[in-house]
Amino acid sequence: MSDRLFIFDTTLRDGEQVPGCQLNTVEKIQVAKALETLGVDVIEAGFPISSPGDFKSVEEISKAVTWPTICALTRAVEKDIDVAAEALRYAKRGRIHTGIGTSDPHIRYKFNSTREEIIERAIAATRYAKKHVEDVEFYCEDAGRTENEYLARVVEAVIKAGATVVNIPDTTGYCLPDEYGAKIKYLMEHVDGLNGKAILSTHCHNDLGMATANTTQGVLNGARQVEVTINGIGERAGNTSLEEIAMIFKSHKECNIVTNINTTKIYGISRMVSSLMNMPVQPNKAIVGRNAFAHSSGIHQDGVLKNVQTYEIIDPKEVGIDDNAIVLTARSGRAALKHRLHVLGIEMEQDKLDKVYEDFLKLADKKKEITDDDVMVLAGADRSQNHHIKLEYLQVTSGVGVRSVASVGLNIAGERFEAAATGNGPVDAAIKALKNIIRRQMVLKEFTIQAISKGSDDVGKVHMQVEYDGHLYYGFGANTDIIAASVEAYIDAINKFVK
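Residue indices begin from 1 for each chain and proceed along its sequence in written order. Local features in a predicted model are, by the rule used here, given only for residues with pLDDT of at least 70; side-chain atom pairs are given and counted only at 80 or more, and totals for whole chains, interfaces and linings are based on all residues. Excluded from the side-chain calculation are hydrogens and water; included are all heavy atoms of the structure.

(A) Representation of the pattern of salt bridges within the structure. The salt bridge criterion pairs a side-chain nitrogen of Lys or Arg with a carboxyl oxygen of Asp or Glu, the two atoms within 4 Å. Throughout the structure, instances matching the rule amount to 27 salt bridges. Arg224 is the salt-bridge partner of Asp3, the closest N and O atoms lying 2.8 Å from each other. Highlighted residues: Asp3 in strand E1 (residues 3-4) and Arg224 in the loop between helix H8 (211-220) and strand E9 (225-228), separated in sequence by 221 residues. Residue burial is assigned from relative accessible area. The probe radius is 1.4 Å, only protein chains are included, and a residue is buried under 20% of its type maximum, exposed over 50%, and partly exposed in between. Accessibility expressed as a relative area gives 34% for Asp3, which makes it partly exposed. Numbered from the N terminus, helices here are DSSP runs of H or I no shorter than four residues, and strands are runs of E no shorter than two.

Have a look at this one:
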């Protein structure tokens, strides 16, 4: 008989804590609906007390999503719990995820407290959360560095106080797989209540590259919930990848672990999250990287041509990758574009599809072949239609031994503005021209050009970080012209603070 493993997705909470990856509420709802289609059991939608935006996102996702449990994070503080409960009031199934640090460094330096006081606070927070919702999860922050005997006392105490799930995070990504697995096993053997009243959850970070291995060992030793993110995104080096855990247990049937994940949806949501969060997937990323099912070695190619099982342990179609993909060119019609969007997990109304198709044809005229990344950029480009400030035209003159000159035309709330400037290079000139129109004290803190993957006609992707009034704002631009992409990224950032 197989054991059911519950998938707790924290892409919209832990994953979104990556600098530059913030989503607005509409985008979060889009991801949440995709996660529902994927089959995740729990969606951690945010940390409601942290900001009005997070509160609204939890509230709106609770309305938009039907069957997954919607979870809200809190500290072991009554006000946090009250706010989380309010944000969850529309959820069909709501969960409050509260907790506190349990390792000696956390107890001593973070809380200036004692072990006994921490247990008392843990019990109080669990009981208080239980007054608001039936489903309460408690996290023992830095459990990876918490002494096992004390950790068992905390776990048992919060289960008696009403916790239905207890999260055992390797918060710093420090544990070795055998060590983490042994920790879960110790708790399974020494905590009263783990055989019916509550389950253990894993939450592993990838600081030493062991998040997936640690999570797997946690499951094999008794944990029955895993906390994961799409593409393994998350703070610092990231979290355990949902797609890796789902495919590990689907491939290793001898483990008798099953999930509710519809794995054919994995590739599409991976690309969606990558595009919305402006965070590229590394080419050699397991399961969803563009090289995951590519074979360049002659020996490998020969083997795969004879029988794919020689070098492929997963059929690409199992994760939603069509190995007979339709190639998109300037001669492709709307049906081909619509099919590729569907494969990538994006459904569009006809009028929106027509607009994207127009942009697709313009790009296809410049390129020999349109990649999935290009399609995702095109599909996301309509987000700029709601911008207060829009780029109408850009003209740049530059060369060796001459100073670059840029002319820029902007549409600001329906009114047209123009300016020109010189600069140390075309991008500098264009940004100075922009500043001549948008007269704010802005400082460009970071400017990153994403590697162009195939050739000189590919779409260049630019990320910018702009400081204004003591706050950082992130912008993203994509264009076959890297100067235009840079200007689009700067305008994207400005639109986030100029209303």
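Read on for the rest.
(B) Structural context of helix H5 (residues 115-130). Helix length check: H5 (16 residues) gives 23 Å between terminal C-alpha atoms against 22 Å at 1.5 Å per residue, within 8%. Those residues of H5 not exposed but buried are Ile118, Ile119, Ala122, Ala125, Thr126, Tyr128 and Ala129. On the buried face of H5, the contacting elements are helix H3 (78-87), strand E5 (94-101), helix H4 (104-110), strand E6 (135-141) and helix H6 (148-160). By this rule the span expected of a helix is its residue count minus one, scaled by 1.5 Å. Pairs of residues are marked as contacts when any of their non-hydrogen atoms sit within 4.5 Å.

(C) Spatial organisation of the sheet that holds strand E3 (residues 42-46). Should DSSP find at least two bridges between two strands, the strands are taken to pair. With parallel pairing, 8 strands are arranged side by side around a closed barrel as E2-E3-E4-E5-E6-E7-E8-E9. The average angle at which neighbouring strand axes cross in this sheet is 25°, direction not considered. With 2 bridges connecting them, strand E2 (residues 6-9) and E3 associate as parallel partners. Note that in E3 the partner of Phe8 across the bridge is Val42. Only the stretch in contact is used when a helix axis is fitted, and all axes are lines through C-alpha atoms; the angle between N-to-C directions ranges over 0 to 180 degrees.

(D) Inspection of the environment of Glu120 at higher detail. Along the chain, Glu120 turns up in helix H5. For Glu120, a relative accessible area of 55% translates into the label exposed. Glu120 sits 37 residues away from Ala157 along the chain, and the two C-alpha atoms are 8.8 Å apart.

(E) Summary view of the sheet that holds strand E11 (residues 389-399). Taken together, 3 strands build an open sheet; the order of strands is E11-E12-E13 and the sheet is antiparallel. Whereas interior strands pair on both sides, the edge strands pair on one side only; in this sheet they are E11 and strand E13 (415-423). Between one strand and the next, the sheet's axes are offset by a mean angle of 10°, whatever the strand orientation. When strand E12 (residues 402-412) meets E13, the two strands line up antiparallel, connected through 9 bridges. Opposite Gly409, over in E13, you have Glu418 as the bridge partner. Against the sheet, helix H15 (residues 426-437) engages E11, E12 and E13, with an angle of about 140° to E13. The sheet contacts of helix H16 (residues 482-494) involve E11 and E12, and relative to E11 the element is tilted by about 145°.

(F) Main features of the packing of aromatic side chains. Note on aromatic pairs: the rings of Phe, Tyr and Trp (six-membered ring only in Trp) are paired at centre separations within 6.5 Å, and the planes decide the class, stacked below 30 degrees, edge-to-face beyond 60, tilted for the rest. Tallied over the full model, the rule gives 3 aromatic pairs. Measuring from ring centre to ring centre gives 5.8 Å for Tyr357 and Phe360, while their planes differ by 25°; the resulting arrangement is stacked. Note that Tyr357 and Phe360 are positioned in helix H13 (residues 350-366) at a spacing of 3 residues, about one turn of the helix. You can call Tyr357 buried: its relative accessible area is 10%. On the basis of an interplanar angle of 15° and a centroid distance of 4.3 Å, the ring pair of Tyr468 and Phe497 is categorised as stacked.

(G) Expanded view of the confidence of the model for the protein chain. Predicted confidence across the protein chain gives a mean pLDDT of 87, with 89% of residues reaching 70 or more. The low-confidence segment residues 294-307 (pLDDT under 50) makes 12 contacts with residues lying over four places distant or belonging to another chain. Every residue gets a pLDDT, meaning the predictor's confidence in that residue, from 0 to 100.

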